[in-house]
Amino acid sequence: MSAFNFSPEVTAIEPELVALRRDLHQHPELAFQETRTAARIQAFLEGHGLSLRSGIGGTGVVAEAGKGSPTILLRVDMDGLPIQELNATPYVSQELGRMHACGHDGHTAIGAVAARILASRGLPGRVRFVFQPAEEGEGGAQAVIRAGVMDGVDMAFGIHLWNELPIGTIGVKAGPLMASVDRLRIVIRGRGGHGAKPHRAADPVVAAAHVVTALQTIVSREVSPMQAAVITIASIRSGEAFNVIPEEAILTGTIRTFDPELRSSMPARIARVARGVASGLQCRADVEVRAGNPAVINDTRAAAIARRAAVRVVGEKQVVEPEPTMGGEDMACYFEKAPGCFVFVGSENAEGGFTEPHHSPRFDFDERALAVGCEFLLQVAAEALSA
Ligand SMILES: [Zn+2]
Ligand SMILES: [Zn+2]
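Since the model is a prediction, treat every value here as computed from it, not as a measurement.

**Here we look at the coordination of the zinc ion (ligand 2)**
Reasoning step 1: At this site the zinc ion (ligand 2) is bound by Cys102 (SG), His104 (NE2) and His160 (NE2), with donor distances of 2.1 to 2.4 Å.
Reasoning step 2: Read N to C, the donor residues that coordinate the zinc ion (ligand 2) are spaced as C-x1-H-x55-H.
Reasoning step 3: Between the zinc ion (ligand 2) and the zinc ion (ligand 1), the interatomic distance is 3.1 Å, and Cys102 donates to each metal, bridging them. Here His104, found in helix H3 (residues 104-119), pairs with His160, found in strand S5 (residues 155-166); they are 56 residues apart in sequence, far enough to count as distant. Like His160, His104 is buried.

**A short note on the nonpolar core**
Reasoning step 1: Counting residues in hydrophobic clusters, the biggest one holds 68 residues, and the most contacted among them are Phe129, Phe131, Phe157 and Phe376.
Reasoning step 2: Here this core gets 12 residues from one element, more than from any other, and that element is helix H9 (residues 368-385).

**Considering helix H6 (residues 260-280)**
Reasoning step 1: Across its 21 residues, H6 extends 31 Å between first and last C-alpha, which sits within 8% of the 30 Å expected from 1.5 Å per residue.
Reasoning step 2: Taking the largest bend as the criterion, H6 deviates by roughly 35°, centred on Met266, and proline Pro267 comes between one and four positions later.
Reasoning step 3: For H6, the set of buried residues is Leu262, Arg263, Ser265, Met266, Ile270, Ala271, Val273, Ala274 and Ala278.
Reasoning step 4: Check the buried side of H6 and you find it contacts strand S8 (180-189), helix H5 (204-222), strand S10 (229-238), strand S12 (248-257) and strand S13 (284-291).
Reasoning step 5: In this structure Asp259 caps H6, since a side-chain oxygen of it lies 3.2 Å from the backbone nitrogen of Glu261.

**Digging into the coordination of the zinc ion (ligand 1)**
Tetrahedral coordination by four donors sets the ideal angle at the metal to 109.5 degrees; octahedral coordination by six donors sets it to 90 or 180 degrees.
Reasoning step 1: Coordination of the zinc ion (ligand 1) by the protein is provided by Cys102 (SG), Glu136 (OE), Glu136 (OE) and His359 (NE2), with metal-donor distances spanning 2.0 to 2.8 Å.
Reasoning step 2: Spacing between the donor residues of the zinc ion (ligand 1) along their common chain follows C-x33-E-x222-H.

**Thoughts on the pairing of S5**
Reasoning step 1: Among the 12 residues in S5, 10 count as buried, and that is most of the element.
Reasoning step 2: Relative to S5, strand S3 (residues 71-77) runs parallel, the two sharing 4 bridges. By the bridge assignment, Arg75 is partnered in S5 with Gly158.
Reasoning step 3: Examined bridge by bridge, S5 and strand S16 (residues 340-348) share 8 bridges and lie parallel to one another. Counted as the bridge partner of His160 is Phe344 from S16.

**A closer look at helix H2 (residues 35-45)**
Reasoning step 1: Of the residues making up H2, those classed as buried are Thr37, Ala38, Ile41, Gln42, Phe44 and Leu45. For H2, the arc enclosing every buried residue in end-on projection is 160°, short of the 170-degree limit, so these residues lie on one face. Exposed residues on H2 whose side chains face more than 90 degrees from its buried face are Thr35 and Ala43.
Reasoning step 2: Taken together, the buried residues of H2 touch helix H1 (8-26), strand S1 (51-56), strand S2 (60-66), H3 and strand S4 (126-132).
Reasoning step 3: Positive phi appears at Gly47, one or two residues downstream of H2, with a value of about 80°.

What counts and how
- Residues numbered from 1 in each chain as written.
- Chains lettered and ligands numbered in written order.
- Predicted model: local features only at pLDDT ≥ 70, side-chain atom pairs only at ≥ 80, totals over all residues.
- Heavy atoms only, no water.
- Donors = N, O, S within 2.8 Å, 3.2 Å for Na, K, Ca; no water.
- Helix = DSSP H or I, 4+ residues; strand = E, 2+ residues; numbered from the N terminus.
- Buried < 20%, exposed > 50% of the residue type's maximum accessible area, 1.4 Å probe, protein only.
- Core = buried A, V, L, I, M, F, W, Y, C linked by side-chain atoms within 4.5 Å.
- Expected span 1.5 Å × (residues − 1).
- Bend = angle between axes of the 7 residues up to and from the residue.
- Contact = heavy atoms within 4.5 Å.
- Polar contact = N/O pair within 3.5 Å; in protein donor to acceptor, adjacent residues only side chain to side chain.
- Pairing = 2+ DSSP bridges.
- Arc of directions from axis to C-beta.

Shown next, in the form of structure tokens:
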């Protein structure tokens, strides 16, 4: 890892940044319950010239520096996950069955420190920090957007600490970065009966098995091989007894795409295949698709701004183009309202043992990434305000 180009303020506050992250790490809170986290951030930011608002979209906090226009939004997320931490660090989670296993503790600490530093600088515009609740699939972005955080925003940026990129790198990519996330539920209804007399029943278990297999032909036979899509059936529930054909089978799963047109075509395709296969086997399929986050599509101009900022922090050679992932992020919701860019801050370090994937009970990251992320937010705000 080569030397970084940190502002003196970032270098000076780095120990406090690490301490704040460790404090948050020990007290993870789940979606929309981030009250201690929000209070901690407010206390950290009070008296530093920021205009502060709390209770935004539930437990969110908004901190604004500067005034006038343009308005740049910087978003970090605050929630932990329902996971029992298996690390043995001095800052291991103190909460039973809850863990910051995605790095949101780091994001929150980075955002708080960056907000404090930016507030002490003269800004040619306004920077709005959003400390967002409930990123992990519970609708936190939608909640704070409904509360008006995107009003008047010209451009939005977000970061994610990323254990798939080495420490000292920043990943910036224009265009599609993360996939849309929709939820799928299929109920297959048959006619229950005796396990020994299948001819007197309509077996929803056999129909479900065929539906699962047939659904895979949507991606392999209907979608262009040049387009990315995933249909995963993740759960199958049916029946209780070994000798009874049940009445119904329930499948749940997830649909991932990058292309909005492909995305909107999926519910009808899935319904056609599921209903067709089920009815051929004397059953009925009811298909329900619940729309989640759209795909994260980084705006070309915003990505160029983010790239310039990243180069200032880690140098040209350490700014990489990350591979898109079929994972999702509710940062996408902000980009429906204003152009923006979501950026990966490399936090993997094999020598330090920081190689676990996000959401693993052993997840942890190289804390040097905190100062990198903080400096990046400062630089991207400056670049975007003067762009
Ligand atoms: Zn996550
Ligand atoms: Zn995350």
